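# Descriptive structure summary
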Protein chains: 2
Amino acid sequence: MRENAKDPERHAQRMARKKKVMEERMANAQKEQGVLVVNTGNGKGKSSSGFGMVTRALGHGMKVGIVQFIKGKMQTGEERFFRDVPNVDYHVMGEGYTWDTQDREKDVEAAENAWKEVARMLKDDSYGLILLDELNIALRYEYLDLDQVLDDLQNRPEMQHVVITGRNAPKELIELADTVTDMSIVKHAFKDLGVKAQKGVEL
Amino acid sequence: MRENAKDPERHAQRMARKKKVMEERMANAQKEQGVLVVNTGNGKGKSSSGFGMVTRALGHGMKVGIVQFIKGKMQTGEERFFRDVPNVDYHVMGEGYTWDTQDREKDVEAAENAWKEVARMLKDDSYGLILLDELNIALRYEYLDLDQVLDDLQNRPEMQHVVITGRNAPKELIELADTVTDMSIVKHAFKDLGVKAQKGVEL
């Protein structure tokens, strides 16, 4: 494909083909519904993609709920930013990174309290989008009951979007989801190149 | 791993191990530098992850430049949102989706004009982070000279972060980058399930 990129005629043909595909796809895609999005995998971008979707939703005038699981001790750039933004309801689970607490009981309690906030939002159709950042970690460690989580997600308002992030998404969640992306690492400055976690990038 | 998730002692051991790994990694990662991040692949989340990183950077008080390539005609949620945010310098390449124009000359001109904005930012260390959304598409179609792009990126201020998104990132760019994520599709509501592109999710 690439070798002919500069030929104007082939370019026009290719673009016309693309346009047709997009038009057909848009004609076929007529269902209006809330979408359940899952970002998983070992690469960078799962959470930041969720925060980017928050900006999209806010740009369309939606009210947004954000509940961050696990990461609680360090205040991240996105928390500092979104705490001051109107129409955002921001919660962070009580405890720090789990590898700092080493106390399962406290982690379970913190996760359950955070889920109470989520369950409330999942019953309230004034929230257009809810970001459940790193929820998959809490599920992985079985801090929360997976069936309860799936039930609450499934019974949410019809037009409500939910974005769930974190590696190792359980297969039952992937089945329930509408859109799933696997974000895999190709290279990572922090792990591979000895570059310190940088503000605005990792934090 | 999962079957023992609920055993408190094993949990404490595992968390202690994780803590050690993180501490070692943080001790080894001492370089301070601007990071070049590339989000590529056929899945959802490449652009939204870039916009999430913008919120992180803003949360840390940085000035941010955003230049969107290709997508110019429809105003997206993120554009509506960020146009009003202080400390954000937002530019959208002149033309609509390329499959709407079918005129290579105009696309090249629009891309070159957009790159002039980028080149200016890449010489100005007051920008802490620059998002070049869908730049890979412009490179793929050879609207821009790849060597010039790589040169400008390489010669940017030492502490400046750059995030580049779009499928089919050229291998030379992947080589230059510090952190690369491949975002691959597992399933997609819009393509697979006939769900209309939803505000706050796709738009």
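One can find the structure itself at the top, above this paragraph.
Residues numbered from 1 in each chain as written. Chains lettered and ligands numbered in written order. Predicted model: local features only at pLDDT ≥ 70, side-chain atom pairs only at ≥ 80, totals over all residues. Heavy atoms only, no water.

## Section: the packing of aromatic side chains
Note the following rule: Only Phe, Tyr and Trp rings take part, Trp by its six-membered ring, and two of them pair if their centres are within 6.5 Å. Stacked means planes under 30 degrees apart, edge-to-face means over 60, and tilted covers everything else. Only DSSP runs of H or I reaching four residues or more are called helices, and only runs of E reaching two or more are called strands; each is numbered from the N terminus. To sort residues, take the accessible area from a 1.4 Å probe on protein chains only and compare it with the maximum for the residue type: under 20% means buried, over 50% means exposed, and anything in between is partly exposed. Here, over-ring charges are defined by two tests on the NZ atom of lysine or the CZ atom of arginine: distance to the ring centre within 6 Å, and angle to the ring normal within 35 degrees.
Counted under the stated rule, the structure contains nine aromatic pairs over all chains. Their ring planes at 40 degrees and their centres at 6.4 Å tell us that Phe69 of chain B and Trp115 of chain B sit as a pair that is tilted. Residue Phe69 of chain B is found in the loop between strand S2 (63-68) and helix H3 (77-83), and its partner Trp115 of chain B is found in helix H5 (residues 104-121); the two are separated by 46 residues along the sequence. What makes Trp115 of chain B buried here is its relative accessible area of 7%. Aromatic side chains Phe81 of chain B and Phe82 of chain B sit 5.1 Å apart centroid to centroid with 85 degrees between the ring planes, which places their arrangement in the edge-to-face category. For Phe82 of chain B, a relative accessible area of 0% gives the class buried. Over the face of the ring belonging to Tyr127 of chain A we find Lys63 of chain A, whose NZ or CZ atom lies 4.2 Å from the ring centre.

## A short note on the sheet that holds strand S3 (residues 88-92) of chain B
As a reminder, the rule being used: A pair of strands is treated as paired once DSSP finds two or more bridges between them. Think of each axis as a best-fit line through the C-alpha atoms, taken over the contacting stretch in the case of a helix, with angles from 0 to 180 degrees between the N-to-C directions.
If you walk across this open sheet you meet the twelve strands as S3(A)-S2(A)-S4(A)-S5(A)-S1(A)-S6(A)-S6(B)-S1(B)-S5(B)-S4(B)-S2(B)-S3(B), and the pairing is mixed. What marks the edges here is a single partner per strand, and that holds for strand S3 (88-92) of chain A together with S3 of chain B. With direction set aside, neighbouring strand axes in the sheet form an average angle of 15 degrees. Looking at chain direction, strand S4 (residues 127-133) of chain A and strand S5 (residues 161-165) of chain A are connected through four bridges and run parallel.

## Some remarks on helix H5 (residues 104-121) of chain A
Threshold: Between the first and last residue of a helix there are one fewer steps than residues, each counted as 1.5 Å, and that sum is the expected span.
When the terminal C-alpha atoms of H5 of chain A are compared, their 26 Å separation across 18 residues agrees well with the 26 Å that a helix rising 1.5 Å per residue should span. Among the residues of H5 of chain A, those classed as buried are Arg104, Asp107, Val108, Ala110, Ala111, Ala114, Trp115, Val118, Ala119 and Met121 of chain A.

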